[in-house]
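As a plain string of letters, each chain reads:
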Amino acid sequence: MSTRELTCIGCPLGCAVTVTLENGDVTAVAGNTCPRGDAYARKEVTNPTRIVTSTVRVKGGVVAMTNVKTASDIPKDKIFDCVEALRDVVVTAPVTIGDVILPDAAGTGVAIVAARNVAALSEAQQQ
Amino acid sequence: MKQYDLVIVGGGPAGLAAAVSAKDSGIDSILIIERDRELGGILNQCIHNGFGLHTFKEELTGPEYASRFIDQVMERGIAYKLNTMVMDISPEKKVTAMNREDGMFEIDAKAVILAMGCRERSRGALNIPGYRPAGIYSAGTAQRLVNMEGYMPGREVVILGSGDIGLIMARRMTLEGAKVKVVAELMPYSGGLKRNIVQCLDDFGIPLKLSHTVVDIEGKERVEAVTIAEVGADRRPIPGTEERYTCDTLLLSCGLIPENELSKSAGVSINPITSGPVVNDSLETSIPGIFACGNVLHVHDLVDYVSQEASSAGKNAAAYIKNGAPADAKTVEIHPVDGVRYTVPKYIRPSEMDDNLTVRFRVGDVYKNCCIATYFDDALISRRKRPVMAPGEMEQVILSKAKLSEYPDLSKITIRIEEGE
């Protein structure tokens, strides 16, 4: 039997969660204050994942950058591949929250979507 | 002179939620004044996720959270002015503002909500020795440069202070290809949320050195190296513990200070602990009809709590506009003692307050297995066990109007930290 101490990241409360493992299987989760904590702890010891957020450049928008996120969490070891895949991406305004920026983030099967609205510059503003 | 029932100073999360709530409480004449080029405030540069779990039951990025409230403001047709700076608020609630289109103008308001937010403690306020080269930024400035303007402030980074923005920027700079060498924290505990330490430092193997501070900055044109040293219990550097890190950038994440120049010039009483206005149960300052909410009142951890607080301020300002100031009501002071640094609100009026009033506060140290105890005069009213409390995480007590009505002769409320069960 072994235990792992985790800090739940399901919400900003950051509960201290203790996971008990037996032969690699989770036998108990303690310290969490909501069901999300239980789910997070089980996943974190077997298959850790993260939502990744970053930015991409916008052409013809009222601001220079929009921000993007993975539509759902991806394996923790794919974080850098995911950011790398976004490095040279340029999108054209207007950008609306939810627009698909990349359909498949670094082979994870998860889309990267816009997380910020950027209006297009009017013709007058462009000049 | 223009006239509005309600002027809201600041179009960030607090100002937006206050405006929506005031409108829904029946006030139509509302103006939000925002100094930046868009509504949303600091949320626009906070591109990480985790916002809104309490409010929307999902994890949003900062701009997504802001857009939910901006949409609500738009749907209600609430007026706002961008790129507009409020210069002065008078005790009579005359607001003086200026922008490039209108020049300087004055607005006569029946009520004002202060929602100006906070700003970061600067190098000058920290008294860090050494040269004054380029490459020293507050973490928030770096955040704006990277996330909104698309510039990288540097490649090799040392961060002083483990506030949340510093932790978030440690991850962000790392993802954008920088090497974050160390995060030094003066205190023996982090000022940031635990999950940020997990996700922003531990995930990337960035060391956090508690009880350490910067003792030297080298470089004439650009930062070339930073020396950190361990500090003792007196928070003074211990000779012989110095470590030198070559770097081109030093980020500072050493605390946030509510931005209350306007409040002070209006004559609003300021609590020296929070650096924010002293308010009563309706979040009204010492000047009737001037309310405060969000980080200008006290620095929050969670934007959800800012939105809740601002929503109350909007509703209360609407009641003030419609009904005027209530007749003299009995006021009871909340005394924060034994580890409780302050409370917001500081004063409550049992006859005027909501049925349940959330009192928020911070503790002054790390407490383990302690209780939050509430007393009405000498009578213990509630005792709530907390496995761990830290200055970086806001705590709360809920006061019940019904319970207060059982104590008609109440002279003071005390909230304290007590050991044991």
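Thresholds applied
Residues numbered from 1 in each chain as written. Chains lettered and ligands numbered in written order. Predicted model: local features only at pLDDT ≥ 70, side-chain atom pairs only at ≥ 80, totals over all residues. Heavy atoms only, no water. Helix = DSSP H or I, 4+ residues; strand = E, 2+ residues; numbered from the N terminus. Rg over C-alpha atoms; globule rule 2.2 N^0.38 Å. Buried < 20%, exposed > 50% of the residue type's maximum accessible area, 1.4 Å probe, protein only. Contact = heavy atoms within 4.5 Å. Areas by Shrake-Rupley, 256 points an atom, 1.4 Å probe, with all protein chains shown as cover. Lys, Arg positive; Asp, Glu negative; His and termini not counted. Charge placed at Lys NZ, Arg CZ, Asp CG, Glu CD. 1 Å grid on protein atoms, 1.4 Å probe; cavity = no way out; pocket = protein on both sides within 12 Å on 5 of 7 lines; lining within 4 Å. Points joined across faces, edges and corners; volume = space filled by probe spheres on them. Nonpolar A, V, L, I, M, F, W, Y, C, P; charged D, E, K, R; others polar. Polar contact = N/O pair within 3.5 Å; in protein donor to acceptor, adjacent residues only side chain to side chain. pLDDT = per-residue confidence, 0-100. Pairing = 2+ DSSP bridges. Domains from an automatic or database assignment. Phe/Tyr/Trp six-rings, centres within 6.5 Å; stacked < 30°, edge-to-face > 60°. Lys NZ or Arg CZ within 6 Å of the ring centre and 35° of its normal.

**Focus on the overall build of chain A**
A tally of regular secondary structure across chain A gives three helices and 10 strands. The N-to-C order of helical and strand elements in chain A reads β-β-β-α-β-β-β-β-α-β-β-β-α. Here the C-alpha atoms of chain A give a radius of gyration of 19 Å, more than 25% beyond the 14 Å that 2.2 N^0.38 yields for 127 residues. Based on the C-alpha atoms only, the size of chain A along its principal axes is roughly 70 × 30 × 15 Å. Buried positions account for 43% of the 127 residues belonging to chain A. Sequence separation of 24 or more characterises 46% of the internal contacts of chain A that already satisfy a separation of 6 or more. With the model as given, the accessible surface of chain A reaches about 6,400 Å², and the carbon-plus-sulfur share is 51%. With 12 positive and 13 negative side-chain charges, chain A shows a separation of 5 Å between the mean positions of the two kinds.

**Describing empty space enclosed by the protein**
Taken as a whole and judged by the stated rule, the model has two cavities of 30 Å³ or more. Reported here for the largest cavity is a volume of approximately 150 Å³. Around the largest cavity, the lining is made up of 14 residues, and of these Ile51, Val52 and Thr53 of chain A together with Arg171 and Leu175 of chain B lie nearest the centre. A per-element tally of the lining of the largest cavity places helix H6 (residues 164-175) of chain B first, with four residues. Looking at side-chain class alone, the lining of the largest cavity contains six nonpolar, four polar and four charged residues. The computed volume of the second largest cavity comes to approximately 30 Å³.

**As for the side chain of Glu309 of chain B**
Within the secondary structure, Glu309 of chain B is located in helix H9 (residues 303-323). Side chain to side chain, Glu309 of chain B and His300 of chain B meet in a polar contact 3.0 Å long.

**Side note on the confidence of the model for chain A**
Model confidence for chain A is summarised by a mean pLDDT of 90, while 94% of its residues fall at 70 or above. Within chain A, the element-level pLDDT minimum falls on helix H3 (residues 123-126) of chain A, averaging 69, and the maximum on strand S10 (residues 112-114) of chain A, averaging 97.

**Points about the sheet that holds strand S26 (residues 379-389) of chain B**
All names here are of chain B. Taken in spatial order, the five strands of this open sheet run S23-S22-S28-S25-S26, and their pairing is mixed. Bordering the open sheet on either side are strand S23 (347-348) and S26, each of which pairs with just one other strand. Relative to S26, strand S25 (residues 367-376) runs antiparallel, the two being bridged by nine bridges. Note that in S26 the partner of Tyr375 across the bridge is Leu380.

**Quick word on the domain arrangement of chain A**
Parsing chain A into structural domains produces domain 1 (2-47) and domain 2 (53-126). Each of domain 1 of chain A and domain 2 of chain A has a C-alpha centre, and these two points are 32 Å apart.

**A closer look at the packing of aromatic side chains**
Residue and element names in this part refer to chain B. The tally for this structure, following the rule as stated, stands at six aromatic pairs over all chains. For the ring pair Phe56 and Tyr65, a centre distance of 5.5 Å and an interplane angle of 70 degrees mean the geometry is edge-to-face. Judged by centre distance (5.3 Å) and plane angle (85 degrees), the rings of Phe376 and Tyr407 are edge-to-face. Of this pair, Phe376 sits in strand S25 while Tyr407 sits in the loop between helix H10 (401-405) and strand S28 (412-419), and the two are 31 residues apart along the sequence. Residue class for Phe376 comes out buried when judged on its relative accessible area of 2%. Following the ring pairs from residue to residue traces out a cluster consisting of Phe56, Tyr65 and Phe69. Geometry around Tyr347 places Lys346 over its ring, the cationic atom sitting 5.9 Å from the centre. It is Arg360 that lies over the ring of Tyr305; its NZ or CZ is 4.4 Å from the centre.

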